[in-house]
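# Examination of the molecular architecture
As a plain string of letters, each chain reads:
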Amino acid sequence: EINDEELMQQLAILDSEDSNLAQSVQSMEEFLSEAMEVAEDQGNAEEELQAAKEREAELVAKLSAAEEKEAEFGREREALLEQCAEAEKAKADLAQRLEKIENMEINDEELTQQLTILDSEDSNLAQAVQAMEEYLTEAMEAAEDKGHAEEELQA
(Lines give C-alpha, C1' and ligand atoms only; values in the text may rest on other atoms or scores of the structure.)
Protein backbone atom coordinates (compact mmCIF):
# COMPACT_ATOMS: atom_id res chain seq x y z
CA GLU A 1 0.00 0.00 0.00
CA ILE A 2 1.24 3.38 -1.02
CA ASN A 3 0.05 6.40 0.72
CA ASP A 4 -1.23 9.41 -1.15
CA GLU A 5 1.96 11.35 -0.72
CA GLU A 6 4.09 8.66 -2.33
CA LEU A 7 1.52 8.30 -5.09
CA MET A 8 1.65 12.02 -5.69
CA GLN A 9 5.46 11.92 -5.82
CA GLN A 10 5.37 9.05 -8.34
CA LEU A 11 2.83 10.96 -10.47
CA ALA A 12 5.02 14.07 -10.34
CA ILE A 13 8.04 12.00 -11.48
CA LEU A 14 6.02 10.43 -14.30
CA ASP A 15 4.72 13.86 -15.39
CA SER A 16 8.29 15.19 -15.43
CA GLU A 17 9.56 12.20 -17.40
CA ASP A 18 6.60 12.49 -19.80
CA SER A 19 7.39 16.19 -20.29
CA ASN A 20 11.08 15.38 -20.91
CA LEU A 21 10.10 12.67 -23.39
CA ALA A 22 7.74 15.07 -25.21
CA GLN A 23 10.54 17.64 -25.46
CA SER A 24 12.92 14.97 -26.79
CA VAL A 25 10.35 13.89 -29.40
CA GLN A 26 9.79 17.54 -30.45
CA SER A 27 13.57 18.13 -30.70
CA MET A 28 13.93 14.96 -32.81
CA GLU A 29 11.09 16.08 -35.12
CA GLU A 30 12.74 19.50 -35.57
CA PHE A 31 16.10 17.83 -36.30
CA LEU A 32 14.52 15.49 -38.87
CA SER A 33 12.71 18.41 -40.51
CA GLU A 34 15.95 20.39 -40.78
CA ALA A 35 17.79 17.31 -42.06
CA MET A 36 15.16 16.83 -44.79
CA GLU A 37 15.47 20.49 -45.82
CA VAL A 38 19.26 20.16 -45.98
CA ALA A 39 18.95 17.00 -48.09
CA GLU A 40 16.52 18.78 -50.43
CA ASP A 41 18.84 21.79 -50.69
CA GLN A 42 21.75 19.45 -51.44
CA GLY A 43 19.72 17.74 -54.18
CA ASN A 44 18.83 21.12 -55.69
CA ALA A 45 22.46 22.23 -55.54
CA GLU A 46 23.57 19.01 -57.26
CA GLU A 47 21.00 19.57 -60.04
CA GLU A 48 22.16 23.17 -60.47
CA LEU A 49 25.79 22.01 -60.56
CA GLN A 50 24.97 19.44 -63.24
CA ALA A 51 23.08 22.07 -65.25
CA ALA A 52 26.05 24.43 -64.92
CA LYS A 53 28.44 21.70 -66.09
CA GLU A 54 26.21 21.00 -69.10
CA ARG A 55 26.02 24.73 -69.91
CA GLU A 56 29.81 24.97 -69.61
CA ALA A 57 30.18 22.04 -72.02
CA GLU A 58 27.81 23.77 -74.47
CA LEU A 59 29.77 27.01 -74.21
CA VAL A 60 33.08 25.20 -74.70
CA ALA A 61 31.62 23.53 -77.80
CA LYS A 62 30.40 26.92 -79.10
CA LEU A 63 33.81 28.44 -78.45
CA SER A 64 35.52 25.56 -80.21
CA ALA A 65 33.19 25.91 -83.19
CA ALA A 66 33.79 29.66 -83.29
CA GLU A 67 37.56 29.13 -83.17
CA GLU A 68 37.34 26.57 -85.99
CA LYS A 69 35.23 28.98 -88.02
CA GLU A 70 37.77 31.70 -87.33
CA ALA A 71 40.57 29.40 -88.54
CA GLU A 72 38.54 28.58 -91.66
CA PHE A 73 38.02 32.27 -92.33
CA GLY A 74 41.75 32.76 -91.86
CA ARG A 75 42.43 30.20 -94.56
CA GLU A 76 39.82 31.76 -96.84
CA ARG A 77 41.29 35.17 -96.14
CA GLU A 78 44.74 33.98 -97.21
CA ALA A 79 43.29 32.54 -100.41
CA LEU A 80 41.43 35.78 -101.11
CA LEU A 81 44.55 37.82 -100.41
CA GLU A 82 46.39 35.69 -102.93
CA GLN A 83 43.60 36.28 -105.44
CA CYS A 84 43.74 40.01 -104.73
CA ALA A 85 47.51 39.99 -105.24
CA GLU A 86 47.01 38.18 -108.53
CA ALA A 87 44.28 40.65 -109.44
CA GLU A 88 46.58 43.57 -108.59
CA LYS A 89 49.29 42.04 -110.75
CA ALA A 90 46.77 41.55 -113.54
CA LYS A 91 45.66 45.14 -113.07
CA ALA A 92 49.27 46.33 -113.39
CA ASP A 93 49.68 44.19 -116.49
CA LEU A 94 46.47 45.66 -117.86
CA ALA A 95 47.71 49.16 -117.18
CA GLN A 96 50.92 48.39 -119.07
CA ARG A 97 48.97 46.93 -121.96
CA LEU A 98 46.66 49.89 -121.99
CA GLU A 99 49.63 52.23 -122.04
CA LYS A 100 51.13 50.26 -124.93
CA ILE A 101 47.81 50.34 -126.72
CA GLU A 102 47.57 54.08 -126.27
CA ASN A 103 51.13 54.55 -127.54
CA MET A 104 50.79 52.26 -130.49
CA GLU A 105 48.83 52.55 -133.63
CA ILE A 106 46.54 49.53 -133.64
CA ASN A 107 43.85 48.78 -136.07
CA ASP A 108 40.26 48.63 -134.83
CA GLU A 109 40.10 44.82 -134.74
CA GLU A 110 43.16 44.50 -132.50
CA LEU A 111 41.87 47.32 -130.31
CA THR A 112 38.49 45.59 -129.92
CA GLN A 113 40.25 42.34 -128.91
CA GLN A 114 42.39 44.17 -126.34
CA LEU A 115 39.33 45.95 -124.91
CA THR A 116 37.47 42.64 -124.63
CA ILE A 117 40.41 41.15 -122.70
CA LEU A 118 40.56 44.23 -120.47
CA ASP A 119 36.82 44.06 -119.75
CA SER A 120 37.11 40.35 -118.83
CA GLU A 121 40.06 40.95 -116.53
CA ASP A 122 38.34 43.97 -114.98
CA SER A 123 35.29 41.78 -114.29
CA ASN A 124 37.53 39.16 -112.64
CA LEU A 125 39.06 41.87 -110.47
CA ALA A 126 35.60 43.11 -109.44
CA GLN A 127 34.60 39.55 -108.50
CA ALA A 128 37.72 39.15 -106.37
CA VAL A 129 36.98 42.42 -104.58
CA GLN A 130 33.37 41.36 -103.97
CA ALA A 131 34.53 37.98 -102.60
CA MET A 132 36.95 39.77 -100.25
CA GLU A 133 34.15 42.03 -98.99
CA GLU A 134 31.92 38.99 -98.33
CA TYR A 135 34.77 37.24 -96.52
CA LEU A 136 35.43 40.28 -94.33
CA THR A 137 31.74 40.49 -93.40
CA GLU A 138 31.67 36.79 -92.44
CA ALA A 139 34.94 37.11 -90.53
CA MET A 140 33.57 40.03 -88.52
CA GLU A 141 30.43 38.01 -87.71
CA ALA A 142 32.54 35.01 -86.67
CA ALA A 143 34.70 37.22 -84.46
CA GLU A 144 31.57 38.63 -82.85
CA ASP A 145 30.19 35.07 -82.31
CA LYS A 146 33.49 34.06 -80.75
CA GLY A 147 33.41 37.11 -78.47
CA HIS A 148 29.87 36.19 -77.33
CA ALA A 149 30.90 32.57 -76.72
CA GLU A 150 33.92 33.67 -74.68
CA GLU A 151 31.75 36.07 -72.64
CA GLU A 152 29.20 33.30 -71.98
CA LEU A 153 31.95 30.88 -71.03
CA GLN A 154 33.46 33.47 -68.70
CA ALA A 155 30.02 34.07 -67.14
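Thresholds, definitions, all that
- Residues numbered from 1 in each chain as written.
- Predicted model: local features only at pLDDT ≥ 70, side-chain atom pairs only at ≥ 80, totals over all residues.
- Heavy atoms only, no water.
- Helix = DSSP H or I, 4+ residues; strand = E, 2+ residues; numbered from the N terminus.
- Rg over C-alpha atoms; globule rule 2.2 N^0.38 Å.
- Buried < 20%, exposed > 50% of the residue type's maximum accessible area, 1.4 Å probe, protein only.
- Contact = heavy atoms within 4.5 Å.
- Areas by Shrake-Rupley, 256 points an atom, 1.4 Å probe, with all protein chains shown as cover.
- Core = buried A, V, L, I, M, F, W, Y, C linked by side-chain atoms within 4.5 Å.
- Salt bridge = Lys/Arg side-chain N within 4 Å of Asp/Glu carboxyl O.
- Patch = residues over 30% accessible without salt bridge, like charges linked within 9 Å, V, L, I, M, F, W, Y side chains within 5 Å.
- Lys, Arg positive; Asp, Glu negative; His and termini not counted.
- Charge placed at Lys NZ, Arg CZ, Asp CG, Glu CD.

### Remarks on the overall build of the chain
Within the chain, the secondary structure is distributed over two helices and zero strands. For the chain, whose C-alpha radius of gyration is 43 Å, the value lies well above the compact-globule estimate of 15 Å for 155 residues. Its C-alpha atoms put the chain at 150 × 15 × 15 Å along the principal axes. Going through the 155 residues of the chain one by one, you find that 11% of them count as buried. Summarising the internal contacts of the chain: among those between residues at least 6 apart in sequence, 84% fall at separations of at least 24. In the structure as shown, the chain presents an accessible area of about 12700 Å², 51% of it carried by carbon and sulfur atoms.

### Structural notes on the nonpolar core
What tends to happen in soluble globular proteins is that the nonpolar side chains get buried as a cluster. One finds Phe-73, Leu-80, Cys-84, Met-132, Tyr-135 and Ala-142 forming the largest nonpolar core, which totals six residues. Within the residue set of this core, elements represented by two or more residues are α1 (4–103) and α2 (108–154). When sequence neighbours within four positions are dropped, the list of residues in contact with Met-132 reads Leu-80, Leu-81 and Cys-84.

### A few points about the pattern of salt bridges
Per the stated rule, a full pass over the model turns up eight salt bridges. Salt-bridge contacts for Glu-152 lead to Lys-62; the nearest nitrogen and oxygen are separated by 3.9 Å. Taken together, the positions of Glu-152 in helix α2 and Lys-62 in helix α1 put the pair 90 residues apart, joining distant regions of the chain. Glu-152 sits in the partly exposed class, given a relative accessible area of 30%. Note that Glu-78 is salt-bridged to Arg-77, the shortest N-O span being 3.6 Å. What you see here is one network of salt bridges that share partners, running through Arg-55, Glu-58, Lys-62 and Glu-152.

### Comments concerning a negative patch on the surface
Taken together, Glu-72, Glu-76, Glu-133, Glu-134, Glu-138, Glu-141, Glu-144 and Asp-145 make up a surface patch of like negative charges. Looking at the negative patch, the elements with two or more residues in it are α1 and α2. When residues in the negative patch are grouped by element, the largest group, six residues, is from α2. Within the secondary structure, Glu-138 sits in helix α2.

### Comments concerning a nonpolar patch on the surface
On the surface, Leu-7, Met-8, Leu-11 and Leu-14 cluster together into a nonpolar patch covering about 390 Å² of accessible area. Position of Leu-11 relative to the elements: it lies in helix α1.

Keep in mind that these numbers describe shape and distance, not what the molecule does.
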